[in-house]
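What follows is the residue order along each chain.
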Amino acid sequence: MSVTIQHEDFDVATEMGALRASSNNVGAIVSFVGLVRDLSYDEMVENIYVEHYPGMSEKALNKIIDEAKQRWDVLGVRVIHRVGTLGPNDQIVLVATASSHRGHAFSSCEFIIDYLKTDAPFWKKEVKPQGGEWVVTKDSDIQRMERWHRQS
Amino acid sequence: MHIKILYFGRPSESLKLSDETVDVPSSVTTLGELLAWLRARGDIWAQELTENRVRCAINQEFAAWSAKLKQHDEVALFSPISGG
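The sections below set out a description of the structure shown in this document. The numbers attached to residues start from 1 for each chain and follow its sequence in the written order. As they are written, the chains are lettered A onward and the ligands numbered 1 onward, keeping that order. Thresholds applied to this predicted model are a pLDDT of at least 70 for local features of residues and 80 or more for the giving and counting of side-chain atom pairs; totals over whole chains, interfaces and linings are not thresholded and use all residues. The basis for the side-chain values is all heavy atoms of the structure; hydrogens and waters are excluded.

### Looking at the overall build of chain B
Reasoning step 1: Every helix listed is a DSSP run of H or I at least four residues long, and every strand listed is a run of E at least two residues long, numbered separately from the N terminus. Of regular secondary structure, chain B possesses 3 helices and 5 strands.
Reasoning step 2: Tracing chain B from N to C terminus, the helices and strands come up as β-α-β-α-α-β-β-β.
Reasoning step 3: Rg of the C-alpha trace for chain B: 12 Å, near the compact-globule value of 12 Å for 84 residues, within the 12% margin.
Reasoning step 4: Principal-axis analysis of the C-alpha atoms places the extent of chain B at approximately 35 × 30 × 20 Å.
Reasoning step 5: Relative accessibility under 20% of the residue-type maximum defines a buried residue, over 50% an exposed one, and the middle range a partly exposed one, all with a 1.4 Å probe and only protein chains included. Per-residue burial over chain B gives 52% buried out of 84 residues.
Reasoning step 6: Contacts between residues were defined by any pair of non-hydrogen atoms, one from each residue, lying within 4.5 Å. Restricting the contact set of chain B to residue pairs at least 6 apart, pairs at least 24 apart contribute 50%.
Reasoning step 7: Accessible surface area values rest on a Shrake-Rupley calculation with a 1.4 Å probe, where residue burial reflects the displayed protein chains alone. With the model as given, the accessible surface of chain B reaches about 3,900 Å², and the carbon-plus-sulfur share is 51%.
Reasoning step 8: As used throughout, the charge tally considers Lys and Arg to be positive and Asp and Glu to be negative, leaving His and the chain termini uncounted. Here the site of a charge means atom NZ of a Lys, CZ of an Arg, CG of an Asp or CD of a Glu. The centroid of the 9 positive side-chain charges in chain B is displaced by 4 Å from the centroid of its 11 negative side-chain charges. With C-alpha atoms as the basis for the radius of gyration, the globule rule is written as 2.2 Å multiplied by the number of residues raised to the power 0.38.

Structure, rendered in structure tokens:
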């Protein structure tokens, strides 16, 4: 199973180990881990609440992974996205890709996290001392995603 | 026409609703018309459900406001996404 959405934390080493064991032809594994920060635009964040659209989020992530597999020589992909209440420094998301060569592993990992930000139905609410605030898609995230259009 | 509506993110919180099934009049044929029909409930509905504040999906695919609705569609209305 390459996509999991869960409340529980995940262990990066375990997930990397599973990708490593998936094929003797794996020459490189790249992983991205997203963490909760305690500051957002200089405002203190006490915790965040993450929700998703069950069914659609898995479908959207699988579509992004399929697209990455078409663009690069990818042997394995693991995506874990956590939901629920998370505190500063907690892990939110893991994207790990395995390939024979590092170039393909680096590019596919970055592609997947960039598209996850703009195309997968997850929502984050930041709980601050002055109240809760739903985060909106950042322009910088849209720009990062659009770079991949120019390269295709 | 019966439509199931799911709410996520900010609209779900402000409307205090995660899902509902509605029976819309025959004048409602597109997502944009469904949104306007929901806004006619007034108050918070009118404030929250404007085309520039919410995004939408039909049957788990992102959709435009001009998209046509059909019987038993699953529509989702949500604030801009912000995962990762």
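Structure shown, so let's carry the discussion forward.
### Points about the pairing of strand β5 (residues 47-52) of chain A
Residue and element names in this part refer to chain A.
Reasoning step 1: At least two DSSP bridges between two strands are needed for those strands to be called paired. Inspection of the sheet shows β5 paired to strand β9 (residues 122-128) by 6 bridges, in the antiparallel sense. Within the sheet, the bridge partner assigned to Tyr49 lies in β9 and is Lys125.
Reasoning step 2: One ladder, built from 3 bridges, connects β5 with strand β7 (residues 84-86); its direction is antiparallel. Opposite Val50, over in β7, you have Gly84 as the bridge partner.

### Focus on the packing of aromatic side chains
By convention here, two paired aromatic rings are described through the distance between centres and the angle between planes.
Reasoning step 1: Only the six-membered ring of Trp is used, alongside the rings of Phe and Tyr, when aromatic pairs are assigned; centres must lie within 6.5 Å, and planes under 30 degrees apart are stacked while those over 60 apart are edge-to-face, with the rest tilted. Within the structure shown, the criterion is met by 10 aromatic pairs over all chains.
Reasoning step 2: Geometrically, the ring pair formed by Tyr7(B) and Trp45(B) is edge-to-face, given 6.1 Å between the ring centres and 75 degrees between the ring planes. With a gap of 38 residues between them, Tyr7(B) in strand β1 (residues 2-8) and Trp45(B) in helix α3 (residues 43-48) connect regions that are remote in the sequence. Assigned by exposure class, Tyr7(B) and Trp45(B) land together as buried.
Reasoning step 3: The structure contains a cluster of three or more aromatic residues connected by ring pairs, namely Tyr53(A), Trp123(A), Phe8(B), Phe62(B) and Phe78(B).
Reasoning step 4: Sitting over the ring of Trp45(B), Arg41(B) keeps its end group 4.4 Å from the ring centre. The criterion for a charge sitting over a ring is simple: Lys NZ or Arg CZ within 6 Å of the ring centre, and within 35 degrees of the ring normal.

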